[in-house]
Amino acid sequence: MVAITAQTLADEIRRQKALSQSIMADQTAVSSGTRLTKASQDPLAWVQVSDLARQQSQQAAWSHNVSYAQSRSAKASSNLEELYNLFNRGQELMVTATTASTNDSGRAAITAELSNIRIVANELINETDFQGTPVFDVGTSTAIPVSRGINLQVVGTREQVSTGINVGGTVMSIDDILANAIAAVSTGTDAERSAALDGLRKGLDHVINQQTSQGVRGDRLDTAKDRLVEVNLTLSERRSVLEDTDLTETLASVQSKLTTLQAAQAVFAKINQQTLFDLIR
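The shown structure was predicted, so the numbers you read here are calculated from the model rather than taken from an experiment.

**Structural notes on the packing of helix α2 (residues 43-97) against helix α3 (residues 104-126)**
Following both chains from N to C, one finds α2 and α3 inclined at 160°, their axes separated by 10 Å at the closest point. When the interaxial angle is binned, α2 and α3 end up roughly antiparallel. Helix-helix and strand crossings are classified by hand; for α2 and α3 the assignment is left-handed. Together, Asn79, Glu82, Leu83, Leu86, Arg89, Gly90, Leu93, Met94, Thr96 and Ala97 of α2 and Arg107, Ile110, Glu113, Leu114, Ile117, Val120, Ala121, Leu124 and Ile125 of α3 make up the contact between the two elements. The class makeup of the residues in the contact of α2 with α3 is 12 nonpolar, 3 polar and 4 charged.

**So, the environment of Ile177**
Here Ile177 lies in helix α5 (residues 174-187). Since its relative accessible area comes to 3%, Ile177 is described here as buried. In this structure, the C-alpha to C-alpha distance between Ile177 and Lys202, residues 25 residues apart in sequence, is 9.0 Å. For Ile177, the contacting residues outside a window of four places in its chain are Phe87, Ile165, Val167, Met172, Gly199, Leu200 and Gly203.

Analysis parameters
Residues numbered from 1 in each chain as written. Predicted model: local features only at pLDDT ≥ 70, side-chain atom pairs only at ≥ 80, totals over all residues. Heavy atoms only, no water. Axes fitted to C-alpha atoms, helices over the stretch in contact; angles between N-to-C directions. Helix = DSSP H or I, 4+ residues; strand = E, 2+ residues; numbered from the N terminus. Parallel < 35°, antiparallel > 145°, perpendicular 65-115°, else oblique. Left-handed = near helix turned anticlockwise from the far one by under 90°. Contact = heavy atoms within 4.5 Å. Nonpolar A, V, L, I, M, F, W, Y, C, P; charged D, E, K, R; others polar. Buried < 20%, exposed > 50% of the residue type's maximum accessible area, 1.4 Å probe, protein only.

As structure tokens, this is what we get:
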């Protein structure tokens, strides 16, 4: 005798409902591409994905820092390049000023151009961006965190860029060198003009050294960025393995569950259509 009770029917309904919900979950996973939507699906994988998400968030912050640092480094390099061009031009003017054929009118023109070079050089050294941040740090170089335990200096200081130039045993600044050149051309002697030319050469060498230092900073930032990109790819791949839907496996599971559900529903419907006398016959 087959025992058909209300409890049996309720259990079957719950089983089919659970199967239907499982199919819907698999279909959602296929459409969204993500199989994990709650911790109960795979607690261990959920914990690992959460940890990877925290790491990715930290990586994103470091990547933002590197991008900001690179923009500052690029601006500093640009200003140094302009300073290099200014000193190159100043040296050319000073060579012209020291030649015997240069008359008072020619020296006046050279003085005017050197004066403009001095103004532009000071603007480049003391420039700030639209947020008021100096192109070159004041006092000490700011170190920006770009990875765990790694802080990199982004730009040199104004003092490093503009001062500490040894000219004939005297420590001078870029402004001092240009001021001496202007005075030597306008009212100085041949000896003073020759000394001013030497000063411009030393100033040019100093700017070249600062360009080299800034290039090293830029290379370090590029290396940090490359490292972050590699780590980001690794984290994304690990997270994908844990979190992403395996389409082949999930579609096969959906098809299998659909087949099971359809068979169960067919049997359940047939049993419901039978009378008690049909069942006990």
